[in-house]
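Take a look at the letters that make up each chain.
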Amino acid sequence: SAFFAKHRLENRRARKFLLSANQLIFALVVIGYSILAPDSGWVGAFAMAAYLQLFTIRSGRFSQELKRPYLYLVPEPPMKKLLWSLLETFPSAALEALVIFVPVALLLRLTPVELAACFAGRLSFTVVYTAADVAVRRLWGGGLSRMVGALLFLALSFAMILPGLAAAVAAAVGWDGSAAAAVLAMAAANLPLSLLVLFLCRNMLQYAELNNQ
């Protein structure tokens, strides 16, 4: 848990605001999209928010921690170390979701259920993208170029999203085309798959690949 506290402290010192500059810019882009293209509805804003999150998830403290020896040396179970070292991503992601979707809900007059679906769906994509990032680092190590790593991350992320999309289609058909039901079903499908990927990659913190040293 010391790594979680350390990452939170580093984030507070590095930011003037509660969110990073990229997160604030992307939030304004989604809110602006809702104003300029209201006919696309909240589903369009949700899809754009999920897509833009791809470009921020790999910039967390976890990637920096992998370049140092300390996390590997902690005598704790590997899954426990992995989850604690990733945890700082989620409070920031939850706050970002609120900053994005509360204004969107007011602009597009969303119901409480639709707002909850946006929030849950956005957090589920945080878990998916985090798991995909961990899987890329676990399978291919630290020797990848930044471009190749980004492409593999995108490919694996889209592959992991497919079961959630299938669940969303099934829920929409079962609930008379309800977009909120579709997004909630997608969120429910995203979570167990992502946790399974993290569990399978848990041993990545047992041996250090400090190729940059």
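From a predicted model like this one, the values you see are computed outputs, not experimental measurements.

1. Section: the side chain of Ser 34
Okay, step 1: Along the chain, the position of Ser 34 falls in helix α2 (residues 21–36).
Okay, step 2: Under the relative-accessibility criterion, Ser 34 is labelled buried at 3%.
Okay, step 3: Ignoring any residue separated from it by four or fewer positions in sequence, one finds Ser 34 in contact with Ala 45, Val 104, Leu 107 and Leu 108.

2. Quick notes on the environment of Met 48
Okay, step 1: Note that Met 48 resides in helix α3 (residues 41–52).
Okay, step 2: Take Met 48: its relative accessible area is 26%, and that puts it in the partly exposed class.
Okay, step 3: Along the primary structure Met 48 and Val 173 are separated by 125 residues, whereas in three dimensions their C-alpha atoms are 23 Å apart.
Okay, step 4: Not counting residues within four places of it along the chain, the set of residues in contact with Met 48 comprises Val 29, Val 30 and Tyr 33.

3. Points about the confidence of the model for the protein chain
Note: predicted coordinates in regions of low pLDDT should not be interpreted at a detailed level.
Okay, step 1: Summing up the model confidence of the protein chain, the mean pLDDT is 85 and the portion of residues at 70 or higher is 93%.
Okay, step 2: Within the protein chain, no element has a lower average pLDDT than helix α4 (residues 61–65), which sits at 78, and none a higher one than helix α10 (residues 179–200), at 91.

4. Some words on the pattern of salt bridges
Okay, step 1: Using the criterion set out here, one finds 4 salt bridges in the structure.
Okay, step 2: Between Arg 137 and Asp 133 there is a salt bridge whose closest N-O contact spans 3.1 Å. Highlighted residues: Arg 137 and Asp 133, both in helix α8 (residues 112–140), separated by 4 residues, approximately one helical turn.
Okay, step 3: The class of Asp 133 is buried, set by a relative accessible area of 6%.

Thresholds applied
Residues numbered from 1 in each chain as written. Predicted model: local features only at pLDDT ≥ 70, side-chain atom pairs only at ≥ 80, totals over all residues. Heavy atoms only, no water. Helix = DSSP H or I, 4+ residues; strand = E, 2+ residues; numbered from the N terminus. Buried < 20%, exposed > 50% of the residue type's maximum accessible area, 1.4 Å probe, protein only. Contact = heavy atoms within 4.5 Å. pLDDT = per-residue confidence, 0-100. Salt bridge = Lys/Arg side-chain N within 4 Å of Asp/Glu carboxyl O.

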